[in-house]
Structure formats: structure tokens, C-alpha cells
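Summary of structural features
If you want the building blocks of each chain, they are given just below.
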Amino acid sequence: SLATAIALTGGYLLLSDDLPKLPAERVEIARALFPVIDRRPEVLDWLDAETPARLRLDLEGPAGRWSLAALFNWTDQPAQVVLNPADFGRAEGETLYRSFWDGQTGLVSAQKPLTLTLPAHGVFLAALRAFNPAVPQVAGSGLHVSQGQEITAVEFTRETIEISLSLPRRAAGDLCLSLPRPPLEACLDGVSVPWRALGGSLYAFPLAF
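Because the structure is a prediction, the values reported are computed rather than measured.

As a further point, take the overall build of the protein chain. Helix and strand counts for the protein chain come out as two helices and 16 strands. For 209 residues, the compact-globule estimate of 2.2 N^0.38 gives 17 Å, and the C-alpha radius of gyration of the protein chain, at 17 Å, lies within 12% of that figure. Across its three principal directions, the C-alpha atoms of the protein chain cover 50 × 45 × 25 Å. The long-range share in the protein chain, meaning contacts at least 24 apart out of those at least 6 apart in sequence, stands at 61%. In the form shown here, the protein chain has an accessible surface area of approximately 11,700 Å², with 53% of it arising from carbon and sulfur atoms.

This is how it looks when you write it as C-alpha cells:
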């Protein structure tokens, strides 16, 4: 939750931990925040709660326009939260979502919102993109907390998709795409890589570079 709040508020990021002594999974949390997102979010419940629990950050780049939506549970008990795209400015049609911290991916709409149970002090952070089943789309990734700013170029033809990625560090994680039809081949720098079907039009491609 703290990492999510820091990432989305565009503030100063300082790591004071003894990094060699941190467990690998904790290092990965810190790694996912670099480079920082230098943008300010909208706090949706600023006047509705003592501790705001809903943030929205709008982003754009070669992968199009998308929003990061964060739902927090600041209580000491598990709590249900609802991801309704209408609450994040997406009231029309279906919305692609990909949860950054656990990789959950799917479709959600104002008519069919997603209900989640968050653990005490837990968070749900998802990239939201308008869904178009007729064209290839980036749904999100586990490479960077922005789920899109690591993408520097996207080129589509009738038969191929070429995506360029760049980060100032080592990176590993899934790149999730929505495709009009199943892929025939996937390559990273000319080397074949596997993929996983996630259901519907969604596919995950594990990358390391």
C-alpha cells in the first residue's frame, strides 16, 4: 500500500533500507517504482473519508491513454471494495483492467463491476483501458508500476505487432495484450518466448531484459 501511494502521488522516493539484506520480493517492490511517475493523481474521495482510499492517475504514451486506479483498505480488518470503471471516468462500454501487484486481468464495466476483498491495509492497483475487441491492445504489464510508461514504441500491421520497451534497470515480468485472434509466434530480441492464454482475448508474455 505504501509503495502504491508513493508511486501514484509523484513524490520524493527515498530507500533507506539496507538493500542487500532485503528479501528478494521486497527488492522487487522497490524496483517496480523506478523510474518514478512524475505526475499528480486525482484523489476521488478527498472530502468523503478521513483517510482517502481512492486514487486515479491518468497517463498516456505510445500504448495509448490509460488510467491507474488504486483502491486502499486502511482498516485493521479485511474489507470489500468495488472496482467500478464509472468511478474512474470510464462509464461507457467495457474496460480492460490489469492488477499490478497480482497480475489479475479481465474486463469490467459499470454494469458488471468487480468486487474484491482486500486484506487489512491492502491495496488493489489496476491499469484501466477502454476495450476494443477489433484491434490489438496493451492491457498492462508487471515490468513497471505505471503499466505503460516502459513502452517506447508500438507498431501494428495486419499480421504483426512490434513493441519496444526501455527501463534504466533490469526488468522481468509479464506483458499482457488483448488480441483479436491468438498469436502464432512471439519473440524477444529475435528469440522465441512462450505465452499464456488468460481467457477471452487476453494473453500474457513473460519478458526479461
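Considering every residue of the protein chain, the mean pLDDT works out to 94; 100% of them sit at 70 or more. Between the elements of the protein chain, mean pLDDT differs from a low of 91, seen in helix α2 (residues 24-31), to a high of 98, seen in strand β8 (residues 123-130).

Moving on, we come to the pattern of salt bridges. Counted under the stated rule, the structure contains seven salt bridges. R56 is the partner of D58 in a salt bridge, and the nearest nitrogen-oxygen pair spans 2.9 Å. Of the residues examined, D58 reaches a relative accessible area of 34% and is grouped as partly exposed. Among the residues examined, R56 registers a relative accessible area of 19% and is labelled buried. A salt bridge links R196 to D174; the nearest nitrogen and oxygen atoms lie 3.0 Å apart. Note that R196 is positioned in strand β15 (residues 196-199) and D174 in strand β12 (residues 172-178), a separation of 22 residues in sequence. When its relative accessible area of 42% is taken as the criterion, R196 is described as partly exposed. In this structure D174 comes out as buried when scored by relative accessible area, which is 19%.

About the criteria used
- Residues numbered from 1 in each chain as written.
- Predicted model: local features only at pLDDT ≥ 70, side-chain atom pairs only at ≥ 80, totals over all residues.
- Heavy atoms only, no water.
- Helix = DSSP H or I, 4+ residues; strand = E, 2+ residues; numbered from the N terminus.
- Rg over C-alpha atoms; globule rule 2.2 N^0.38 Å.
- Contact = heavy atoms within 4.5 Å.
- Areas by Shrake-Rupley, 256 points an atom, 1.4 Å probe, with all protein chains shown as cover.
- pLDDT = per-residue confidence, 0-100.
- Salt bridge = Lys/Arg side-chain N within 4 Å of Asp/Glu carboxyl O.
- Buried < 20%, exposed > 50% of the residue type's maximum accessible area, 1.4 Å probe, protein only.

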